[in-house]
Each structure stands twice: as C-alpha cells, then as structure tokens.
Amino acid sequence: MAYTITQLCADCKDVACTQVCPVDCIYEYTGDDPSIPKNMLLIDPDECIDCNACVPECPWQAIFANDDVPGIFTADIELNAKIAGQPRIVPKRPADQKSPTPVEIEENKKKWGYI
C-alpha cells in the first residue's frame, strides 16, 4: 500500500512532506502533460515505502494511505501514479514558507468539499 497526495494539496503545495521522506518519492511535476498537475505534489507509488512519515508533516492534511483516501479523492490515487517515470523534481522548502493557519486548512477542505 502506498500513500496518495490529494487535491487538498492543489494550489497549496507546502513541501514539508518532502523534507521527511526517507526515499524522496514526493515530487513536483515538471513536464508538459496537461493531465498531470503542476500545482500540487505527487507521490510515486513505486518508490513509496509506506513509512507514513509524510502524513503528519503535511500541514494541509492532504496525504492519506491509499486504503484511507476519502471517496471524493479516489481519482487522486491514479493521478499520483502518473508521476512514475515523468520529468519531476523533489522540491526543497523555502526558508520563508509559512505553515497554514487552522482557518486556512478548514477553508481549503471546504473548497474541495471535504469537511
């Protein structure tokens, strides 16, 4: 079982999760395929070792074990799988990046219909 980054990451793209991943399997897509978003991070399921380190680090609460992905985000499992073999980078956290507030987290969940 791998982990999936859901649409809750879209337009937020905090990279705290990439800093704790022991195998660097969390990526930002850099290619030209319009079906793969550039506004969120993705986990390569072939590289993920199921360590769970990324889940508590995500300030947007956007990462789930595949078996626990909420129904409204199940398409994100396949979306994450698309990153395999694609042009990509492991982004580094900018020193000035701030974590979201609890209010921002709740507003983001509402935006995606996940309450």
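The coordinates are above.
Residues numbered from 1 in each chain as written. Predicted model: local features only at pLDDT ≥ 70, side-chain atom pairs only at ≥ 80, totals over all residues. Heavy atoms only, no water.

> How should helix α4 (residues 102-111) be read in this particular structure?
Every α-helix winds through 3.6 residues per turn, so residues three or four apart in the chain are directed the same way. All of the buried residues in α4 are I105, N108 and K109. End-on view of α4: buried residues confined to an arc of 100°, all on one side of the axis. Along α4, exposed side chains directed more than 90 degrees from the buried face belong to V103, E107 and K110. Immediately downstream of α4, the backbone of G113 shows phi near 75°, a positive value. (Buried < 20%, exposed > 50% of the residue type's maximum accessible area, 1.4 Å probe, protein only. Helix = DSSP H or I, 4+ residues; strand = E, 2+ residues; numbered from the N terminus. Arc of directions from axis to C-beta.)

> Would you take a moment to explain the sheet that holds strand β5 (residues 88-89) for this structure?
Across a sheet, paired strands are connected by hydrogen bonds in the backbone, their directions being either parallel or antiparallel. Spatially, the three strands line up as an open sheet ordered β3-β2-β5, and their pairing is antiparallel. Edge strands, defined here as strands with exactly one partner in the open sheet, are β3 (41-43) and β5. With three bridges connecting them, strand β2 (residues 26-29) and β3 associate as antiparallel partners. Considered in β3, the bridge of Y27 is made with L42. (Pairing = 2+ DSSP bridges.)

> Can you help me understand unusual backbone geometry in this one?
Leaving glycine out, the prevailing phi sign among residues is negative, and the prevailing peptide bond configuration is trans. At D50, a residue that is not glycine, the phi angle is positive and equals roughly 60°. Considering the arrangement of structural elements, one finds D50 in the loop between β3 and α2 (54-57). At Q61, a residue that is not glycine, the phi angle is positive and equals roughly 55°. For Q61, a relative accessible area of 38% gives the class partly exposed.

> Whenever I open this one, the pairing of β2 confuses me. Can you help?
The side chains of a regular strand alternate, residue by residue, between the two faces of the sheet. Alternating positions in β2 separate into two faces, I26 and E28 on one and Y27 and Y29 on the other, with burial throughout. Inspection of the sheet shows β2 paired to β5 by two bridges, in the antiparallel sense. Considered in β5, the bridge of Y29 is made with R88.

> Help me out: how do you make sense of the nonpolar core in this one?
Membership of the largest hydrophobic core comes to 32 residues, with the highest contact counts inside it found for I5, I26, M40, L41, I43 and I63. Broken down by secondary-structure element, the contributors of at least two residues to this core are β1 (3-5), β2, β3 and β4 (63-65). Excluding its chain neighbours within four sequence positions, the residues that come into contact with I26 are I5, C17, T18, C21, L41, L42, I43, C54, I89, V90 and P91. (Core = buried A, V, L, I, M, F, W, Y, C linked by side-chain atoms within 4.5 Å. Contact = heavy atoms within 4.5 Å.)

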